[in-house]
Amino acid sequence: DFSKAMSQAGTSQFQEVIRQELEYSMKVELDKILSTAPSNEVEHTKKDLEGFKKLFHRFLQEKGPSVDWGKIQRPPEDSIQPYEKIKARGLPDNIASVLNKLVVVKLNGGLGTSMGCKGPKSLIGVRNENTFLDLTVQQIEHLNKSYNTDVPLVLMNSFNTDDDTKKILQKYSHSRVKIYTFNQSRYPRINKETLLPIAKDVSYSGENTECWYPPGHGDIYASFYNSGLLDNLIGEGKEYIFVSNIDNLGATVDLYILNHLMNPPNGKRCEFVMEVTNKTRADVKGGTLTQYENKLRLVEIAQVPKAHVDEFKSVSKFKIFNTNNLWIALSAIKRLQEKNAIDMEIIVNPKTLDGGLNVIQLETAVGAAIKSFENSLGINVPRSRFLPVKTTSDLLLVMSNLYSLNAGSLTMSEKREFPTVPLVKLGSSFTKVQDYLRRFESIPDMLELDHLTVSGDVTFGKNVSLKGTVIIIANHGDRIDIPAGALLENKIVSGNLRILDH
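Every value quoted in this text rests on a predicted model; they were computed, and no experiment measured them.

Basis of the calculations
- Residues numbered from 1 in each chain as written.
- Predicted model: local features only at pLDDT ≥ 70, side-chain atom pairs only at ≥ 80, totals over all residues.
- Heavy atoms only, no water.
- UniProt positions renumbered as here; feature names shortened; annotations may be inferred.
- Helix = DSSP H or I, 4+ residues; strand = E, 2+ residues; numbered from the N terminus.
- Buried < 20%, exposed > 50% of the residue type's maximum accessible area, 1.4 Å probe, protein only.
- Contact = heavy atoms within 4.5 Å.
- Pairing = 2+ DSSP bridges.
- Axes fitted to C-alpha atoms, helices over the stretch in contact; angles between N-to-C directions.
- Salt bridge = Lys/Arg side-chain N within 4 Å of Asp/Glu carboxyl O.
- Expected span 1.5 Å × (residues − 1).
- Arc of directions from axis to C-beta.

1. So, the UniProt feature "binding site: UTP" (unreviewed entry) in the protein chain
- Under the UniProt annotation, the feature "binding site: UTP" (unreviewed entry) is placed at Lys121, Gln184, Gly216, Asp247 and Lys390.
- As for its placement among the helices and strands, Lys121 is situated in the loop between strand S2 (102–108) and strand S3 (125–127).
- Residue classification places Lys121 among the buried residues on the basis of a relative accessible area of 9%.
- Checked against the element boundaries, Gly216 lands in the loop between strand S9 (212–213) and helix H7 (220–226).
- Setting aside anything within four residues of it in sequence, one finds Gly216 in contact with Gln184, Glu363 and Thr364.

Take a look at the structure:
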């Protein structure tokens, strides 16, 4: 045992030496990068690289999954409240004064690359020519007009989306919404072999675009604070932010939740509220709320030890998942940021660049900070508040007659007999938005659809109706044209079907 202990001590000493060497080498490289910054960017770049250095330091310290599975417990009953209970309290007469304390923040750092689009994802058209950003502005404008309030919109952009977003914002200059933007940090990608940055200087255009990345939405706390906007909004009397992904069309301002925050029934305000919703089979990988060391804690699949992944995915044990709709007290963000006390697990995101180089990105997630805040709460909201558009299959749902659009908000059509949406799987011919749009002359009637699978070279004519379960498979080299006006109910269509103009 003595020799084992000695060899373990030797190993840990050796590891410590290597860690110190890596940190030193990283510091040297970052100093070189900083020395290439133009004078007007030095301060900003320095802040970014300092933040990165802290993350890198933690990355070297932490090994293996970041949770001890034995300590994970189900959250106490009262720590996740049903939405119905919060709604049942009703609304006070002075709801406008409550609304005036709110700021809506949308996470707008993502590009539309997964859907084959260049530029910010928020500028993809989703409904009647309206983009995600248009719908967001319409929702808040409707709120401000209805209640005579001044709820501002804040966009957290990344260096990838900032220029294009700012150009487009001019079109809202006459809308009744104040719009602010700030940029999240820009961190250097790390070579997986050497653990050193692949960037040689600060530029991020041309061949250097692949050297940098935005470090996930957990960066919101530091970059919001560093931008000065957080202090300005507190100075204007704002108290809470409602944060959500810009591609979640269900994430609208909910007055009942806001009232619960501002006028808590027990008089003790929550600093952090996470909206969760019930898992379905499609959500088994979503992060879940647990009780861990007497705090509510978000556990993501990446943190789970391999032996427990199936248990984590179980719909019966972990019934809910995080929608990433969050309500956070501004004063708490300021306090925790100044104490450097926001603790978020590191997500190591491996990527392979176009030239084949393997790199890693160190990221954090905004919801992971829940354990750093006081008096946190989960609210189990209806599924309708989680309507993300990640793929063209999702896009088909929100463009269809399953939803009606009113003042920027999508609501499930009353003609749909059950509250869940159909399961839609469009094949690779539909992945890019422009290909998807070319394949539908008009969006089919889907009110009575349960399941749609489409694979291969398939096009849809005008006014097609889909009901029940519909599977359409064009094999390699075949093509299927669904004729205009066709009704497909519980049908499998395969082989070759060409409709030619006479």
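2. Remarks on the sheet that holds strand S16 (residues 358–363)
- Ordered by their spatial adjacency, 3 strands build an open sheet running S8-S16-S15, and the pairing between neighbours is antiparallel. Of all strands in the sheet, those bounded by a partner on one side alone are strand S8 (190–191) and strand S15 (347–352).
- With 6 bridges connecting them, S15 and S16 associate as antiparallel partners. Each bridged residue has a counterpart across the sheet, and for Pro350 the counterpart in S16 is Ile360.
- Contacting S8, S15 and S16, helix H2 (residues 42–61) crosses the sheet at an angle of about 105 degrees to S16.

3. Quick word on the pattern of salt bridges
- As enumerated under the stated definition, the model contains 26 salt bridges in all.
- One salt bridge in this structure joins Asp150 and Lys178, with 3.0 Å as the shortest N-O distance. With Asp150 in the loop between helix H5 (132–147) and strand S5 (153–157) and Lys178 in the loop between helix H6 (162–169) and strand S6 (179–183), the pair connects residues that are 28 residues apart, well separated along the chain.
- On the accessibility criterion, Asp150 (29% relative accessible area) is partly exposed.
- Between Glu239 and Arg269 there is a salt bridge whose closest N-O contact spans 2.5 Å. In this pair, Glu239 is assigned in the loop between helix H8 (229–235) and strand S10 (240–245) and Arg269 in the loop between helix H9 (255–262) and strand S11 (272–278), connecting sequence segments 30 residues apart.
- Each of Arg58, Arg297, Asp343, Glu345 and Lys371 takes part in a single network of salt bridges with overlapping partners.

4. Digging into helix H12 (residues 392–399)
- Of all 8 residues that make up H12, 6 are buried, and the element is covered over most of its length.
- Looking only at H12, the buried set comprises Thr392, Ser393, Leu395, Leu396, Leu397 and Val398.
- Looking at the packing, one finds that the buried side of H12 touches S3, strand S18 (403–406), strand S19 (409–412), strand S20 (423–426), helix H13 (433–439) and strand S21 (449–455).

5. Focus on unusual backbone geometry
- Positive phi is not limited to glycine here, since Asn128 has a value of about 45 degrees.
- Relative to the helices and strands, Asn128 is located in the loop between S3 and strand S4 (130–131).
- One non-glycine residue, Glu293, adopts positive backbone phi at about 50 degrees.
- Secondary-structure assignment places Glu293 in the loop between strand S12 (288–292) and strand S13 (295–299).
- The class of Glu293 is partly exposed, set by a relative accessible area of 48%.

6. Observations concerning H2
- A rise of 1.5 Å per residue sets the reference length of H2, with its 20 residues, at 28 Å; its end C-alpha atoms lie 28 Å apart and thus fit the reference within 8%.
- If you check which residues of H2 are buried, you get Thr45, Asp48, Leu49, Phe52, Leu55, Phe56, Phe59 and Leu60. Down the axis of H2, the sector holding all buried residues measures 135 degrees, keeping them to one side.

7. Some points on the sheet that holds S2
- Pairing is mixed in the open sheet, where 8 strands are placed in the order S1-S17-S11-S14-S10-S2-S5-S6. At either margin of the open sheet sits one strand with a lone partner, and together these are strand S1 (80–82) and S6. Taking the axes of each pair of neighbouring strands and ignoring which way they run, one obtains an average angle of 25 degrees across the sheet.
- Note that S1 and strand S17 (residues 377–380) share 3 bridges and pair parallel. Bridge pairing in S17 places Pro82 opposite Asn380.
- Of the strands in this sheet, S2, S5 and S6 are in contact with H6, which crosses S6 at around 170 degrees.

8. Comments concerning the UniProt feature "binding site: substrate" (unreviewed entry) in the protein chain
- UniProt annotation of "binding site: substrate" (unreviewed entry) refers to His217 when read in the numbering used here.
- Looking at the secondary structure, you find His217 in the loop between S9 and H7.
- Discounting residues that sit within four places of it in the chain, His217 has contacts with Leu107, Met156, Asn245, Asn324, Thr364, Ala365 and Val366.

9. A few points about the pairing of S17
- Sheet topology note: the S11/S17 ladder contains 4 bridges and is parallel. By the bridge assignment for S17, Val273 is matched with Leu377.

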